[in-house]
Amino acid sequence: MPHMHVRGKLCKYEAELPDGKKLTLLDVPHYDFNWQLRYELAEPVRLPKGTLLRFTAHYDNSSKNPANPNPASLVKWGPQTSDEMLLGYLEYYLPK
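In this report, the structure presented in the accompanying data block is examined. Here the structure is a predicted model, which means the values were calculated and not measured.

On to the overall build of the protein chain, then. If you tally the helices and strands in the protein chain, you get zero helices and five strands. Going from the N terminus to the C terminus, the protein chain shows its helices and strands as β-β-β-β-β. Judged by the C-alpha coordinates and their principal axes, the protein chain covers about 50 × 25 × 20 Å. Out of the 96 residues belonging to the protein chain, those deemed buried represent 23%. Carbon and sulfur atoms make up 56% of the accessible area of the protein chain, which totals about 7,300 Å². Across the protein chain, the mean location of the 12 positive side-chain charges is 4 Å away from that of the 11 negative side-chain charges.

Structure (structure tokens):
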């Protein structure tokens with residue numbers, strides 16, 4: 001579950017396997033704060049030991065972002081919607 005505030009533009013979860021191959025797990029090309037969705041894969045993905053998980057996000061603090069409350073403000077981490085944050089929640093299961 002990706003979580004940003006109103007300046008969030010896009011985000012992506014990727015796995016880099018030990019052999020260097022990259023696998024996109026979730027791609028949200030048009031993030032919208034109002035969605036706040038929990039995404040579940042249709043089928044589980046088994047990842048080998050040594051896999052690197054990466055969560056990447058981009059922001060739009062410009063006046064072209066209609067959800068941006070103030071393009072001129074200095075944006076810092078904070079809990080309010082006028083602040084910004086980036087949390088890449090992830091659920092996983094370990095085989096027995």
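That covers the picture; the talk isn't over yet.
Another point: the packing of aromatic side chains. Counted according to the given criterion, the structure contains one aromatic pair. Ring geometry for Tyr13 against Phe55: centres 4.4 Å apart, planes inclined by 40°, an arrangement best described as tilted. Of this pair, Tyr13 sits in strand E2 (residues 8-16) while Phe55 sits in strand E4 (residues 52-59); the two residues are 42 residues apart in sequence, bridging distant segments of the chain. Judged by its relative accessible area of 7%, Tyr13 is buried. The class of Phe55 is partly exposed, set by a relative accessible area of 22%.

The next thing to look at is the nonpolar core. Core analysis: the biggest nonpolar cluster contains eight residues, these being Met4, Cys11, Tyr13, Ala15, Leu25, Leu26, Val28 and Tyr31. With residues near it in sequence (within four places) discarded, Tyr31 still touches Pro2, His3, Met4, His5, Gly8, Lys9, Leu10, Cys11 and Gln36.

You can see His5 is positioned in the loop between strand E1 (2-4) and E2. Ignoring sequence-local partners within four residues, the contact set of His5 consists of Tyr31, Phe33, Gly78, Pro79, Gln80, Thr81, Asp83, Glu84 and Met85.

Bringing the environment of Gly50 into the picture now. Looking at the element boundaries, Gly50 is found in the loop between strand E3 (22-28) and E4. On the accessibility criterion, Gly50 (58% relative accessible area) is exposed. Along the chain, Gly50 and Asp32 lie 18 residues apart, while their C-alpha atoms are 32 Å from each other. In this view, Gly50 contacts Glu16 and Pro18; residues no more than four positions away in its chain are not counted.

Parameters and conventions
- Residues numbered from 1 in each chain as written.
- Predicted model: local features only at pLDDT ≥ 70, side-chain atom pairs only at ≥ 80, totals over all residues.
- Heavy atoms only, no water.
- Helix = DSSP H or I, 4+ residues; strand = E, 2+ residues; numbered from the N terminus.
- Buried < 20%, exposed > 50% of the residue type's maximum accessible area, 1.4 Å probe, protein only.
- Areas by Shrake-Rupley, 256 points an atom, 1.4 Å probe, with all protein chains shown as cover.
- Lys, Arg positive; Asp, Glu negative; His and termini not counted.
- Charge placed at Lys NZ, Arg CZ, Asp CG, Glu CD.
- Phe/Tyr/Trp six-rings, centres within 6.5 Å; stacked < 30°, edge-to-face > 60°.
- Core = buried A, V, L, I, M, F, W, Y, C linked by side-chain atoms within 4.5 Å.
- Contact = heavy atoms within 4.5 Å.

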